[in-house]
Amino acid sequence: MATNTQTIDGTATASGGGGTSLVTSPGNVLQTVRNVTQQPSFQRALPMIVSVVVIAACLIAVALMQKPARTTLYASLPETEKARIYDALTNAGVDVTLDPTTGDVMVPADDYHSARIQLAAQGLPQSVPDGYDTLTDIPMGTSRSIETMRIKQAQEVELARSITEISAVRSARVHLALPERSVFVREQLPPTASVFLQLDNGRAMDENQVTAIVNLVAASVPSMAKDNVTVVDQSGRLLSKAPDDPSSILTDNQLQYRMRLENIYRSRIETLVTPIVGPGNATARVNIDFDFTRREVTEESVDPNGNALRSEQSTKDITSKKQAMGVPGALSNTAPTEAEVLVERPDLAEVNQDDISTQSSSEVRNYEVSRKVQTTQQPTNRIVQINAALLVRDQKVLDSETGEMVMRPVDPQVLEDIQNLVTSAIGLQTGRGDTLTVKSQPFVNELEGVEVDWYEAAWIENLAKQVGMILMLAVVSLGVIRPLLNRLLVPAGGSVVAQGGLSDDEAEAMESVEVGAGETLEDIKAKLKPKKANISVEMLDTANTYDDKVALIRMIVSDEAGRVSNVFKQMMQKDMDLIG
């Protein structure tokens, strides 16, 4: 007689005769898996398992196929620039794609700024969009105003491309203001232009380059004067100011002179203090106030004692009467005229004083007074006040009590000596109001960063989005797909077929049954099987569908398991005899 062996809850049972032969070996994994898959409970849970696996696969596929939002990096670039940018970003590991409609380079929104920074470090893009080439795209029937704006835009782009070729200019933008022409000459406005320059890092435009840009723009637009062209850089500085403007030159020179002198003073202080406190343990700052007022004094002084005779003129007039002499008569008695006296002037020494009628004399002397004119121009960079500050790191000393290195302030006597040295080194004058502050403080070695809460991190937001999507799909799948699958996968035989041939009472009894030691499979089935009417084989003929027949066969097998197993044994034995 054949013996049936079955392991239930770790206990081996044997049944003889017509029992079912079931042998489960712990080492035979394949047989164990096959037995598990043939269990009714597993077959009932198989649709749910398949649904869960499919839903999980769908969620994974959705998460993997989800693409981040993308944005255009640069618009309206030539194809050569697009190729350079695409290669540079691909080599940098950026997920870059091309817009299928416009062909523009697109990157994820999170990598937009980092991609632009990487391209800027490599000097890309090197050109701007085409200028006059866009005029070929003007459609027929375009209005005059739009055509004028397109032409002006093309001029601006072409000028920007020309300016970009200048050294130290990374990019440029040109804005033209071209007023409408008027039939009246007095109402015509001159055209103007403004140029915006993006310079390379650490580069500056000299006066010759700015003048060249101004001349280039003025010569490219008819009737545009050089004074109507404005050039500005990315820092907002006006570069097109006249080079001979005294105000701008003076202001720049004053600022440079002040910064240079402050750096010299600071370097002197740090160089003097470093040997005392050590390198990196002192920092100094100097602020110098200057008086750049231009003063010019003109002084004229006269020395009263410094006279000199420059010219002298002396004049003396004498009129005399001449006595009558000769034969008496009219002519002889007539006195000589004044002219005759002057012509026939006798020597003054021989003139008789009694004969003098009138006498006058005059004397003129011209003296040169000593005079001095002096013009004094005061210096324009006079120092008004010097304010200096010196910060010294606390000294690291050994604590005698704890035996550890601690930071302590510098000795006040040492600080006083340092103050005296610095005062002499930079020439501070207390009468002028100069000040010097020397302090000792601990230095911070570590930089403190900004702490971001964990719930504000970017990965938390992304994880929340993914979990929310998974929950939504789970609700849809468990609330809609699962009931639908249960309806589709339940056989037509009803709940009895779905439970593997067991009724509701049998299923509840199976859950509450207790298996004792030494009980056979038939005994267990007898506990589970309630008393009911016998099922005849003729019922198979009355079954309408295949599912109903399968359900009846399962019920027959559950009632007559021994007989069914013997039938299968006989059939197998006949097959074995034929083979043998």
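Note that the coordinates shown come from a computational prediction; the quantities given were computed from them, not determined experimentally. Sequence order as written defines residue numbering, which begins from 1 separately in each chain. Residue-level local features of this predicted model are given only where pLDDT is at least 70; pairs of side-chain atoms are given and counted only at 80 or more, and the full residue set underlies all totals for whole chains, interfaces and linings. Computation of side-chain values covers all heavy atoms of the structure but excludes hydrogens and water.

1. Looking at the sheet that holds strand β9 (residues 282-291)
Part 1: Read across the sheet, three strands follow the order β9-β12-β15 without closing on themselves; strand pairing throughout is mixed. Of all the strands in the sheet, just β9 and β15 (435-441) have a single pairing partner and so form its edges. Between one strand and the next, the sheet's axes are offset by a mean angle of 10 degrees, whatever the strand orientation.
Part 2: Where strand β12 (residues 382-393) and β15 come together, seven bridges link them in parallel fashion. Paired with A389 across the strands is T437, a residue of β15.
Part 3: Contacts were defined at the residue level, with two residues in contact if any of their heavy atoms lie within 4.5 Å. Between N-to-C directions, angles span 0 to 180 degrees; the directions come from axes that are lines fitted to C-alpha atoms, helices contributing only their stretch in contact. A helix here means a DSSP run of H or I that spans at least four residues, while a strand means a run of E at least two residues long, and both kinds are numbered starting from the N terminus. The strands that helix α9 (residues 412-426) touches are β12 and β15; relative to β15, the one it contacts most, it runs at about 145 degrees. At least two bridges found by DSSP between two strands is the condition for calling them paired.

2. Some words on the sheet that holds strand β8 (residues 229-233)
Part 1: On the basis of which strands lie adjacent, the open sheet formed by three strands has the order β6-β7-β8 and mixed pairing. In this open sheet, the two edge strands, each paired with only one partner strand, are β6 (169-177) and β8. In this sheet, adjacent strand axes meet at a mean angle of 15 degrees when their direction is disregarded.
Part 2: Note: strand β7 (residues 192-199) against β8, five bridges, orientation parallel. Paired with L197 across the two strands is D233, which belongs to β8.
Part 3: Sheet strands touched by helix α5 (residues 144-164): β6 and β7. Its angle to β6, the strand with the most contacts, is close to 150 degrees.
Part 4: Sheet strands in contact with helix α6 (residues 207-220) are β7 and β8, and its direction is about 135 degrees off that of β8.

3. Considering the packing of helix α3 (residues 79-91) against helix α4 (residues 112-121)
Part 1: Between α3 and α4, whose axes approach to 10 Å, the crossing angle comes to 110 degrees. Regarding the angle of α3 to α4, the classification is roughly perpendicular. Considering only the axes of α3 and α4, their crossing is right-handed. For the pair α3 and α4, contact is made by I85, A88 and L89 and by A115, Q118 and L119, respectively.
Part 2: When the residues that make up the contact of α3 with α4 are grouped by side-chain class, the tally is five nonpolar, one polar and no charged. Roughly parallel means an angle under 35 degrees; roughly antiparallel, over 145; roughly perpendicular, 65 to 115; everything else is oblique. Definitions for this section: a left-handed crossing has its near helix turned counterclockwise from the far helix by less than a right angle. A right-handed crossing has that turn clockwise. In the scheme used here, Gly and all other residues not listed as nonpolar or charged are polar, with Ala, Val, Leu, Ile, Met, Phe, Trp, Tyr, Cys and Pro taken as nonpolar and Asp, Glu, Lys and Arg as charged.

4. Considering the packing of aromatic side chains
Part 1: We call Phe, Tyr and Trp rings a pair once their centres come within 6.5 Å, taking the six-membered ring for Trp, and we label the pair stacked below 30 degrees between planes, edge-to-face above 60, and tilted otherwise. Scanning the model with the defined rule gives one aromatic pair in all.
Part 2: For the ring pair Y257 and F290, a centre distance of 5.3 Å and an interplane angle of 65 degrees mean the geometry is edge-to-face. Taken together, the positions of Y257 in helix α7 (residues 246-277) and F290 in strand β9 put the pair 33 residues apart, joining distant regions of the chain.
Part 3: Throughout this description, buried means an accessible area under 20% of the type-specific maximum (1.4 Å probe, protein chains only), exposed means over 50%, and partly exposed covers the range between. F290 gets classed as buried once you look at its relative accessible area, which sits at 13%.

5. Quick notes on the pairing of strand β14 (residues 405-408)
Part 1: Summarising the sheet, strand β13 (residues 395-398) and β14 pair through four bridges and their orientation is antiparallel. Bridge pairing links L398 to M405 in β14.
Part 2: Adjacent in sequence and paired antiparallel, β13 and β14 are bridged by six residues, among which G403 carries a positive phi angle near 75 degrees.

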